[in-house]
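Descriptive structure summary
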Amino acid sequence: MGKKQLSLIILVGAIASVNGQPSQAEPSIPSTDKQNTEIKQAIDLKDLSQPAVTVKDWLAQIETDTVQVIGVQLNPSATGLQIVLETQNSEFLTVDATQFRAEGNRLIADISNAVLSLPDAQSFKGETPTPEIATVQVTQLDASRIQIIVTGKDALPKSEVTLKAGELIYTLNPADEEADEEIIVTGQGQEGYFVPDSSTATRTDTPIRDIPASIQVIPRQVLEDQNVERLQDALQNVSGVTKRGNYGGGAAGGFVIRGFTQEGNFRNGLRDNNFYAFPEIANIERVEVLKGPASILFGQVEPGGIVNIVTKQPLSDPYYALEFTAGNYNFYRPSFDFSGPLNAEKTVLYRLNFAYQNSGSFRDFFSTERFFVAPALTWKIGQNTTLDIDFEYLRDKTPFDRGLVVLDDNSLVLPINRYLNYPSLDDYSQTVYKVSYRLEHQFSDSWRIRNSFLLSSFDGGGLSVNTAGELIDNQFTPREYYDDQFIIQNYGVQTDLIGKFKTGFVEHQLLLGFDFNRSTSFYQYRFAELPPNDIFNPVYDIPRPSVLSDTIVFSDRTDTWGIYLQDQVTLLKNLKLLIGGRFDFSTQKSLADPASEQSNDAFSPRVGIVYQPIEAISLYASYSTSFRPVIGLSANNSPFDPERGRQFEVGIKGEFLNNKLSATLAAFEITKNNVLTTDPDDSRFSIQVGEQRSRGIELDMIGEVLPGWNIIATYAYIDARVTEDNDIPSGNRLDNSAQHTASLWTTYEVQEGNLKGFGGGLGFFFAGNRPGDSLNTFELPSYFRTDATVFYKRDRWRLALNIKNLFNIEYYETAQNRNIVYPGAPFTVQGTISWQF
């Protein structure tokens, strides 16, 4: 960026050597009696190494003293934004424009010989000063430097952004004619490991430190450094999250968050119930995890938390990236990511992601073929209106796999590669497509409205073999042959009105919203019994059954309407209140024979407070609730009430090392009521007297320790148990929930010298023993896995080698019951080459 032309407009009084000739006297700062001789002269900063002598001498003179910045003003205009730094006694600041740069969607300026001395804060942050700028931050970089960061909402701001320091005005925008030469567009909305803001918890762009909840964000750089293939691999970087079961025969699964199973996830804030298929990593910008009950904004959910996937968005500058990965087990995966403007005005932007994967597996007879494409379009209809449209298509062909079995003595003795189905009978595939739009209009700097829609569809099925009961004689596993089809569709629409206003000295950010969601499922199948397979000496070649059962059909539909109100209240600059509530009304219909229908409603409040004794530390406390409809009738023909969850949480957050490293320590207690359990008076029915409780402590740390040194560290202690039930003994731990989990992932990249661009990393992942079923009849043993990476970046090339399970330990990821246990992968190595142009 040192060669970039950045205009400097200098308003100077009559200086003798304006024509470039040397002056025999030092210049003086213009006085009022010389104002009639003021001139306006533009100087190209790339020539500051050889400027007019008087200007150079003048800059050297004022550089000797440290200047106090006592105020920051943001002045929006029709052409853009001016940032004004106010100094003590109107002193001049030393500004070296070679320290201006663009990174991702951020404009950054470092100012030397300056100290922030704001009257009521240690740093400055302004939010949404213009429609295309999310935040402006001014922080103390070190003892004598301050840093200004202007963050665009989706890309670098196109409007003019200037910095006024004393009588000097600088433009922070990169020069158009040098953009291709000097700016390397990364394709990432946020570089580095630490992401300071999140919209998942509040549906507003709010600093994480100001939210009374535990929110963890896994950005794109982490996904690339770890060479993540599955969403569940990304979530190993979040405390208190473990894997839970696999659906579709190993194709995908749910997650256990704070002890409670969360099936499905959210995509850009909208419900996506397709937990039967893994989301494709190629189109993920970052993964956000909100811990605890979240029904106020997301409706019917489990109380442990939610996972929100933020997808890649079109970029305003051309970006092209090609990547190819190959590894053992015949793994290969080409992909590309293209983006840029479609017109000269950059009002129409596009992005296109593509990936193809073909691989074998450590599991016998198991292979995967995936095809994925995701086009996206952004249309800036006017200065204040934007429309985003995107589409995803995924075709996945993966055998139906039910893993291993537990013997009667609770041991796991089978080789992890052992396949217990009949591969000759398998022909199973899945197709997923998603269509969404988001329309946003800014009425003013303070008020905006946003409307979003998502259609998500899953169609899976074919010919497969499934489990059919308990192990026979501790040796034979019963199996059934299926010819089935499973269709899940989810429609969601959401409208939010967001506004900022004041009541006296109290600041408010209001969110008023409405959403509607329809989820439908259709399942039909025919089946036939197969001979049990010997788990110690399996037979794989058997004839396909010629006679199947009659077709059996299940179909249901759930509609949910929700209206919610939330207020983020700034009582004082260091005291913030979050309060809100949501009312939901839902109907569930069984469309099969016999048909049935029932309705539920629920109110879900949330309240939290944040106190910041110093700017770097946030203390918070919160109370939140959740609900989830329960379908069915009791013995007296009454519909079941929704399951209800409530949580109390306290915590502390810190941002250190000039806001490059963040940490969150949280303690919580969650109680879930109205859990179904067997009716003691009639075992054919259920009653709602069950209760489950989870208590725990979590620690998450993420960010940059030193230039080039990134780290993610987590630890969680979670005690999740059944407290009341007629079937499960009280005190039983909730299945697949580990009491102790921990992880550490760290990378370092050499910043200068002959080895610049070379780096490496290590990862350590620990999970304690986990109950394999709700009755706690067996446990999955604890494990400690080590991963590693080495990489080299040069110009626009990147080479990387990733090793997973470096020491080839044997471990088990998750279980559904004694007959379905999924082992983790042994030693795996993959090499990646990528090129940006």
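Residues numbered from 1 in each chain as written. Predicted model: local features only at pLDDT ≥ 70, side-chain atom pairs only at ≥ 80, totals over all residues. Heavy atoms only, no water.

**Remarks on the overall build of the protein**
The helix and strand tally for the protein stands at five helices and 48 strands. Within the protein, buried positions represent 55% of all 837 residues. At a minimum sequence separation of 6, the contacts of the protein that also span at least 24 residues come to 66%. Within the structure as shown, the protein displays about 34,700 Å² of accessible surface, and the carbon and sulfur contribution to it stands at 54%. (Helix = DSSP H or I, 4+ residues; strand = E, 2+ residues; numbered from the N terminus. Buried < 20%, exposed > 50% of the residue type's maximum accessible area, 1.4 Å probe, protein only. Contact = heavy atoms within 4.5 Å. Areas by Shrake-Rupley, 256 points an atom, 1.4 Å probe, with all protein chains shown as cover.)

**Some remarks on the sheet that holds strand E9 (residues 133-142)**
Pairing in this open sheet of five strands is antiparallel, and the strands run E5-E6-E10-E9-E8 from one edge to the other. Two strands close off the open sheet at either side, each with one partner strand: strand E5 (100-103) and strand E8 (124-130). Direction aside, neighbouring strands of the sheet carry axes that sit 20° apart on average. Sheet analysis places E9 next to strand E10 (residues 145-152), joined by eight bridges and oriented antiparallel. (Pairing = 2+ DSSP bridges. Axes fitted to C-alpha atoms, helices over the stretch in contact; angles between N-to-C directions.)

**A closer look at the confidence of the model for the protein**
In the predicted model, the protein carries a mean pLDDT of 87, and 88% of its residues have values of at least 70. Contacts of residues 176-185 to residues separated by more than four positions or lying in other chains number 21 contacts, the stretch itself having pLDDT below 50. (pLDDT = per-residue confidence, 0-100.)

**Things to note about the pairing of strand E46 (residues 812-817)**
Both E46 and strand E47 (residues 820-823) contribute to a ladder of four bridges, which runs antiparallel. By the bridge assignment for E47, Ala 815 is matched with Val 821. Linking E46 to E47, which pair antiparallel, is a turn of two residues.

**Side note on the environment of Tyr 491**
Relative to the assigned elements, Tyr 491 resides in strand E30 (residues 476-503). In this structure the C-alpha to C-alpha distance between Tyr 491 and Val 435, which are 56 residues apart in sequence, comes to 9.8 Å. Non-local contacts of Tyr 491, meaning those with residues more than four positions away in its chain, are made with Leu 454, Leu 455, Phe 516, Asn 517 and Arg 518. Separated by 2.8 Å, the side chains of Tyr 491 and Gln 489 make a polar contact. (Polar contact = N/O pair within 3.5 Å; in protein donor to acceptor, adjacent residues only side chain to side chain.)

**Quick word on the packing of aromatic side chains**
For the coordinates displayed, the defined rule picks out 28 aromatic pairs. When the centroid spacing of 5.4 Å and the interplanar angle of 20° are considered together, the rings of Tyr 320 and Phe 837 count as stacked. Residue Tyr 320 is found in strand E23 (residues 319-327), and its partner Phe 837 is found in the segment after strand E48 (828-836); the two are separated by 517 residues along the sequence. Here Tyr 320 falls in the partly exposed class, since its relative accessible area comes to 28%. (Phe/Tyr/Trp six-rings, centres within 6.5 Å; stacked < 30°, edge-to-face > 60°.)

**Thoughts on the pairing of E9**
In terms of residue burial, E9 counts as a mostly covered element, since eight of its 10 residues are buried. Bridging between E8 and E9 involves five bridges; their strand directions are antiparallel. Residue pairing across strands places Lys 125 opposite Gln 137, the latter belonging to E9. Where E8 folds back on E9, the antiparallel hairpin that results is connected by two residues. With antiparallel pairing between neighbouring strands as the criterion, E9 and E10 make up a hairpin whose turn holds two residues.

**Some points on a nonpolar patch on the surface**
A cluster of nonpolar side chains, Leu 322, Phe 324, Tyr 332, Trp 797, Leu 799, Ile 833, Trp 835 and Phe 837, forms an exposed patch at the surface whose accessible area comes to about 710 Å². Broken down by secondary-structure element, the contributors of at least two residues to the nonpolar patch are E23, strand E45 (797-804) and E48. By secondary structure assignment, the location of Tyr 332 is in strand E24 (residues 331-341). (Patch = residues over 30% accessible without salt bridge, like charges linked within 9 Å, V, L, I, M, F, W, Y side chains within 5 Å. Salt bridge = Lys/Arg side-chain N within 4 Å of Asp/Glu carboxyl O.)

**Details of the environment of Pro 826**
Mapping Pro 826 onto the fold places it in the loop between E47 and E48. When the C-alpha atoms of Pro 826 and Asn 805 are compared, they prove to be 5.9 Å apart, with 21 residues separating the residues in sequence.

**Notes on unusual backbone geometry**
A positive phi angle is found at Asn 637, which is not glycine, with a value near 70°. When you line up the elements, Asn 637 lands in the loop between strand E35 (617-628) and strand E36 (643-656). Its identity as a non-glycine residue notwithstanding, Asn 674 has a phi of 65°, on the positive side. Residue placement: Asn 674 occurs in strand E37 (residues 661-678).

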